[in-house]
Amino acid sequence: LKVIADVGLVGMPNAGKSTLLSRVSRARPAIADYPFTTKIPNLGIVQIDLDRTFVMADIPGLIEGAHAGAGLGHEFLRHIERTRVLVHLVEPMPADESDPVQNYLAIRGELEQYGHGLAERPEIIAISKAELPGAEEVRVRLAAEIGREVMMFSSVTGQGLDRLLQRAYAELHVVDN
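Heads up: these notes are all about the structure in this document. (Residues numbered from 1 in each chain as written. Predicted model: local features only at pLDDT ≥ 70, side-chain atom pairs only at ≥ 80, totals over all residues. Heavy atoms only, no water.)

Moving on to helix H1 (residues 17-24). The α-helix winds at 3.6 residues per turn, so residues separated by three or four positions along the chain end up facing the same way. Counting buried positions along H1 yields six of eight residues, so the element is predominantly enclosed. Residues of H1 that are buried include every one of Lys17, Ser18, Leu20, Leu21, Ser22 and Val24, and no others. (Buried < 20%, exposed > 50% of the residue type's maximum accessible area, 1.4 Å probe, protein only. Helix = DSSP H or I, 4+ residues; strand = E, 2+ residues; numbered from the N terminus.)

Printed below as a string of structure tokens:
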């Protein structure tokens, strides 16, 4: 009864979570170019084909210190607890000029420090906004840093979306078995 969504979108504010949800479902979350546009989770049903669907949640952006209650940190982290698979979005060119790799590591740190099994959840890591210059370099750098596959997609052009959704659906079935 605690689960609200199969897949939870996590990441820093403005990583593209709401845009992705609006692109792959009929959900219409508020989308703006300033941080913390999303104040509560938005849910959408993602339909892969006639027989395969899952529920995706756009979780409000996390910040450093969320595990200790910074901002609405505990509330946002509790929402993440209610998902089965995480899709961690990393913005390749943050507006605040922060380092995308460090942003990923900061969110991972928050999940680990909060506990409740969040750091052990299946996680797909994806660079959002693949149409931006430098996105591929960020993907390569992040993959080298963490030693894991890092996907890329663009909600604007559609590049990589099908592959991302197929992977999320496959991860859900690994969790089920």
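Extensive coverage of strand E4 (residues 83-90) is indicated by the burial of seven of its eight residues. Strand direction decides the pairing type here: strand E1 (residues 5-10) and E4, joined by five bridges, are parallel. Paired with glycine 8 across the strands is leucine 86, a residue of E4. Direction of pairing for E4 relative to strand E5 (residues 123-127): parallel, over a ladder of five bridges. Within E5, the position partnered with leucine 89 by the bridge is alanine 126. Each parallel crossover has a hand, and the one from E4 via helix H3 (residues 100-114) to E5 is right-handed. (Pairing = 2+ DSSP bridges. Right-handed = clockwise from strand over helix to strand, strands pointing away.)

So, about the side chain of lysine 17. One can find lysine 17 in helix H1. Despite its burial, lysine 17 pairs with no opposite charge, the nearest such side chain being aspartate 58 at 5.3 Å. (Lys, Arg positive; Asp, Glu negative; His and termini not counted. Salt bridge = Lys/Arg side-chain N within 4 Å of Asp/Glu carboxyl O.)

It is worth spelling out the packing of H3 against helix H4 (residues 135-146) at this point. The interhelical angle for the contact between H3 and H4, taken along N-to-C directions, is 45°, at an axis separation of 9 Å. The pairing of H3 with H4 is recorded here as oblique in orientation. Seen along the crossing, H3 lies across H4 with a hand that is right-handed. Judged by residue contacts, Pro100, Val101, Tyr104 and Leu105 of H3 engage Val138, Arg141, Leu142, Glu145 and Ile146 from H4. Residue composition of the contact of H3 with H4, grouped by class: seven nonpolar, no polar and two charged. (Axes fitted to C-alpha atoms, helices over the stretch in contact; angles between N-to-C directions. Parallel < 35°, antiparallel > 145°, perpendicular 65-115°, else oblique. Left-handed = near helix turned anticlockwise from the far one by under 90°. Contact = heavy atoms within 4.5 Å. Nonpolar A, V, L, I, M, F, W, Y, C, P; charged D, E, K, R; others polar.)

To continue, consider the pattern of salt bridges. Summed over the entire model, instances satisfying the criterion amount to eleven salt bridges. Ionic contacts of the salt-bridge type, sharing partners, join the residues Arg108, Glu112, Glu123 and Arg148 into one network.

Turning our eyes to something else, we now look at the sheet that holds E1. Strand order in the open sheet formed by six strands is E2-E3-E1-E4-E5-E6, with mixed pairing between adjacent strands. One side of each edge strand has no neighbouring strand; the edge strands of this open sheet are strand E2 (42-49) and strand E6 (151-152). Both E5 and E6 contribute to a ladder of two bridges, which runs parallel. Looking at E6, one finds that alanine 126 is bridged to methionine 151.

Our next topic: H3. The end-to-end C-alpha distance of H3 is 21 Å, a good match for the 21 Å that 15 residues give at a rise of 1.5 Å each. The element H3 is extensively covered by neighbouring structure, given that eleven of its 15 residues are classed as buried. Where H3 is concerned, the buried positions are Pro100, Val101, Asn103, Tyr104, Ala106, Ile107, Arg108, Gly109, Glu110, Leu111 and Tyr114. Following H3 by one or two positions, glycine 115 adopts a phi angle in the positive range, close to 85°. (Expected span 1.5 Å × (residues − 1).)

Now for the side chain of glutamate 123. Inspection of the secondary structure assignment puts glutamate 123 in strand E5. Taking the relative accessible area as the measure of exposure, glutamate 123 reaches 5% and is therefore buried. At a separation of 3.0 Å, a polar atom in the side chain of glutamate 123 contacts the side chain of histidine 88. One polar contact links glutamate 123 to arginine 108, side chain to side chain, over a distance of 3.5 Å. Excluding anything up to four places from it in sequence, glutamate 123 contacts Leu86, His88, Tyr104, Arg108 and Arg148. (Polar contact = N/O pair within 3.5 Å; in protein donor to acceptor, adjacent residues only side chain to side chain.)

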